[in-house]
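Each chain is listed here by its residues.
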Amino acid sequence: PMITLRQLLDHAAENGYGVPAFNINNMEQGLSVMKAAEATNSPVILQASRGARAYANDAVLAGLIMGLSKAFPEIPLCMHLDHGNGLETCATAIQNSFTSVMMDGSLKADGKTPADYAYNADITRRVTEMAHACGVSVEGELGVLGSLETGMGDKEDGHGAEGKLSEDQLLTDPDEAVRFVEETGVDALAIAMGTSHGAYKFTRKPDGEILAMHVIEEIHRRLPNTHLVMHGSSSVPEELQQIINAHGGDIRPTWGVPVEEIQRGIRHGVRKVNIDTDNRLAMTAAIRTVFAEKPSEFDPRAYLKPAMAAMQKICEARFEAFGTAGNA
Ligand code: G3H
Ligand code: 13P
Ligand code: NA
Ligand code: ZN
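As the structure is a computational prediction, the values presented were derived from the model and not from experiment.

## Quick word on the UniProt feature "binding site: Zn(2+) 2" (unreviewed entry) in the protein chain
Reasoning step 1: Using the residue numbers shown here, the UniProt feature "binding site: Zn(2+) 2" (unreviewed entry) corresponds to Asp104 and Glu141. Spanning 38 residues, the named residues form one tight spatial group whose C-alpha atoms are at most 5.3 Å apart.
Reasoning step 2: Tracing the backbone shows Asp104 in the loop between strand 4 (100-103) and helix 6 (117-133).
Reasoning step 3: Each residue touching Asp104, except ones within four places of it in the same chain, is listed here: His83, Gly84, Asn85 and Glu141.

## Re the site of ligand 2
Reasoning step 1: Residues in close proximity to ligand 2 total 13 residues, the closest being His231, Ser234, Asn274, Asp276 and Thr277.
Reasoning step 2: Going through the elements one at a time, strand 3 (77-84) and strand 8 (270-275) are the ones with two or more residues in the shell around ligand 2.
Reasoning step 3: Residues that form the shell around ligand 2 fall into these classes: one nonpolar, 10 polar and two charged.

## Overview of the packing of helix 8 (residues 174-184) against helix 9 (residues 213-222)
Reasoning step 1: At their nearest, the axes of helix 8 and helix 9 sit 9 Å apart, and the two run at 45° to each other. In terms of orientation, helix 8 lies oblique with respect to helix 9. Handedness of the crossing formed by helix 8 with helix 9: right-handed. Taking contact as the criterion, the partners of Pro174, Ala177 and Val178 in helix 8 are, on helix 9, Glu218, Ile219 and Arg222.
Reasoning step 2: The residue makeup of the contact of helix 8 with helix 9, split by class, is four nonpolar, no polar and two charged.

## Things to note about the sheet that holds strand 3
Reasoning step 1: Judged by pairing direction, the barrel is parallel, and its eight strands sit side by side in the order 1-2-3-4-5-6-7-8 before closing back on the first. With strand direction ignored, the average angle separating the axes of adjacent strands in the sheet is 25°.
Reasoning step 2: Bridging between strand 2 (residues 44-48) and strand 3 involves five bridges; their strand directions are parallel. Bridge pairing in strand 3 places Val44 opposite Leu77.
Reasoning step 3: This element, helix 8, spans strand 5 (137-142) and strand 6 (188-191) of the sheet and lies at about 150° to strand 5.

## Remarks on the UniProt feature "binding site: dihydroxyacetone phosphate" (unreviewed entry) in the protein chain
Reasoning step 1: Taking the numbering used here, the UniProt-annotated feature "binding site: dihydroxyacetone phosphate" (unreviewed entry) corresponds to Gly198, Gly232, Ser233, Ser234, Asn274, Ile275, Asp276 and Thr277. Spanning 80 residues, the named residues nonetheless gather at one spot, since no C-alpha pair among them exceeds 11.3 Å.
Reasoning step 2: Position of Asn274 relative to the elements: it lies in strand 8.
Reasoning step 3: Here Asn274 falls in the buried class, since 25 other C-beta atoms lie within 10 Å of it.
Reasoning step 4: Every residue in contact with Asn274, bar those within four places of it in the chain, is listed here: Ala21, Val229, Met230, His231, Gly232 and Ser233.
Reasoning step 5: With 23 C-beta atoms counted inside 10 Å, the residue Asp276 sits in the buried group.

## Let's talk about the site of ligand 1
Reasoning step 1: Ser49, Gly51, Ala52, His197 and Asp276 are the nearest of the 10 residues found near ligand 1.
Reasoning step 2: Of all the elements in the fold, those that place two or more residues in the shell around ligand 1 are helix 3 (50-56) and strand 3.
Reasoning step 3: Split into classes, the residues belonging to the shell around ligand 1 amount to one nonpolar, seven polar and two charged.

## Here's the deal with unusual backbone geometry
Reasoning step 1: Even without being a glycine, His83 presents a positive backbone phi close to 55°.
Reasoning step 2: The phi torsion at Val236 lies on the positive side, around 50°, for a residue other than glycine.
Reasoning step 3: Along the chain, Val236 falls in the loop between strand 7 (227-230) and helix 10 (238-246).

## Thoughts on the pairing of strand 6
Reasoning step 1: What you see with strand 6 is no split at all: Ala188 and Ala190 on one side and Leu189 and Ile191 on the other are buried throughout.
Reasoning step 2: Inspection of the sheet shows strand 5 paired to strand 6 by four bridges, in the parallel sense. Note that in strand 6 the partner of Glu139 across the bridge is Ala188.
Reasoning step 3: Relative to strand 7, strand 6 is paired through four bridges, and the arrangement is parallel. By the bridge assignment for strand 7, Leu189 is matched with Leu228.
Reasoning step 4: Where the polypeptide runs from strand 6 across helix 9 and back to strand 7, its parallel neighbour, the crossover connection is right-handed.

## Concerning helix 13 (residues 300-321)
Reasoning step 1: The end-to-end C-alpha distance of helix 13, which contains 22 residues, comes to 32 Å, matching closely the 32 Å that a straight helix rising 1.5 Å per residue would cover.
Reasoning step 2: Taken residue by residue, helix 13 has Ala307, Met308, Ala310, Met311, Gln312, Ile314, Cys315, Glu316, Arg318 and Phe319 as its buried positions.
Reasoning step 3: Taken together, the buried residues of helix 13 touch strand 1 (19-23), helix 2 (27-40), strand 8 and helix 12 (277-293).
Reasoning step 4: One or two steps after helix 13, the chain reaches Gly323, where phi turns positive at roughly 80°.

About the thresholds
- Residues numbered from 1 in each chain as written.
- Chains lettered and ligands numbered in written order.
- Predicted model: local features only at pLDDT ≥ 70, side-chain atom pairs only at ≥ 80, totals over all residues.
- UniProt positions renumbered as here; feature names shortened; annotations may be inferred.
- Helix = DSSP H or I, 4+ residues; strand = E, 2+ residues; numbered from the N terminus.
- Contact = placed C-beta atoms within 7 Å.
- Near = placed C-beta within 6 Å.
- Nonpolar A, V, L, I, M, F, W, Y, C, P; charged D, E, K, R; others polar.
- Axes fitted to C-alpha atoms, helices over the stretch in contact; angles between N-to-C directions.
- Parallel < 35°, antiparallel > 145°, perpendicular 65-115°, else oblique.
- Left-handed = near helix turned anticlockwise from the far one by under 90°.
- Pairing = 2+ DSSP bridges.
- Buried ≥ 20, exposed ≤ 12 C-beta atoms within 10 Å, placed from the backbone.
- Right-handed = clockwise from strand over helix to strand, strands pointing away.
- Expected span 1.5 Å × (residues − 1).

Shown next as structure tokens:
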């Protein structure tokens with residue numbers, strides 16, 4: 001059945017687990033997540049970005065979600081808008097059967113200019129009033145994603161803040177977080193603590209200097225009843241980097257967020273964990289392998305089936321690691 005983010009994360013909080021939110025753009029990614037959920041008996045958050053909606057078409061996406069929910073009737077399914085940038089994007093998502101929306105007011109509507117507190121709180125409060133009137137949940141974001149190593153936002157991946165950011169912007173302020181949750185009424189709060197989107201998050205295995213998990217612990221102490229969200233939470237497995245590079249790919253050496261750091265976050269109020277890059281890498285590794293080993297194949301199913309199997313494997317591992325498994 002379709003459920004809201006609030007319903008799912010309330011259950012996760014009561015039972016002390018986290019839920020991976022997997023980005024999808026197409027049927028293959030949707031099926032991979034649902035098969036992993038069925039295999040591990042896990043509830044699901046599927047999320048679509050504005051880019052995904054433009055890629056797949058809203059009507060097609062809406063049909064896909066309905067189809068997935070029908071094909072896997074036992075799996076609780078939340079359909080979430082990732083990084084909404086204004087009232088209209090959130091409203092049209094709701095019209096197209098999303099049960100949850102993110103209003104990311106940490107950036108202006110252009111998706112690259114850091115916004116001030118007043119802008120963020122105002123637009124997020126207005127989206128929350130509208131969404132709650134429709135029975136839909138809202139995720140807000142306070143603080144800007146970007147690297148504590150370089151001070152750069154993740155614009156290089158096509159979205160996120162442009163240019164140099166201060167440590168003030170890169171780390172969510174606990175006092176502001178308390179005020180923001182009160183003033184906006186959001187169901188979940190995304191916070192910034194040094195992660196960024198995409199494959200190139202850290203130039204070394206992250207420690208407390210560049211991945212500020214202590215910020216999560218402090219915010220959870222101040223807001224024990226607020227569901228926290230970690231963005232940019234792919235682990236960027238070295239094994240996948242190697243498979244891609246061994247088959248003609250070009251991924252520079254890089255580190256992601258270690259699964260044990262996410263588990264630590266889950267012990268401190270993190271309930272939603274956003275993952276896209278790991279699944280992109282898994283599918284790409286599988287497809288590159290088929291192309292290299294079976295150059296005569298040209299039926300898309302010959303490479304999309306292994307791609308789905310590879311994505312399903314990542315999703316199952318995250319459902320198990322975050323304690324989602326067994327909670328459907
Ligand atoms: O926000 C980041 C997600 O990975 C979605 O990426 O905007 O390329 O679909 P996208
Ligand atoms: P990754 O790029 O680390 O997978 O993060 C995805 C994300 O935060 C989507 O909102
Ligand atoms: Na989101
Ligand atoms: Zn994100």
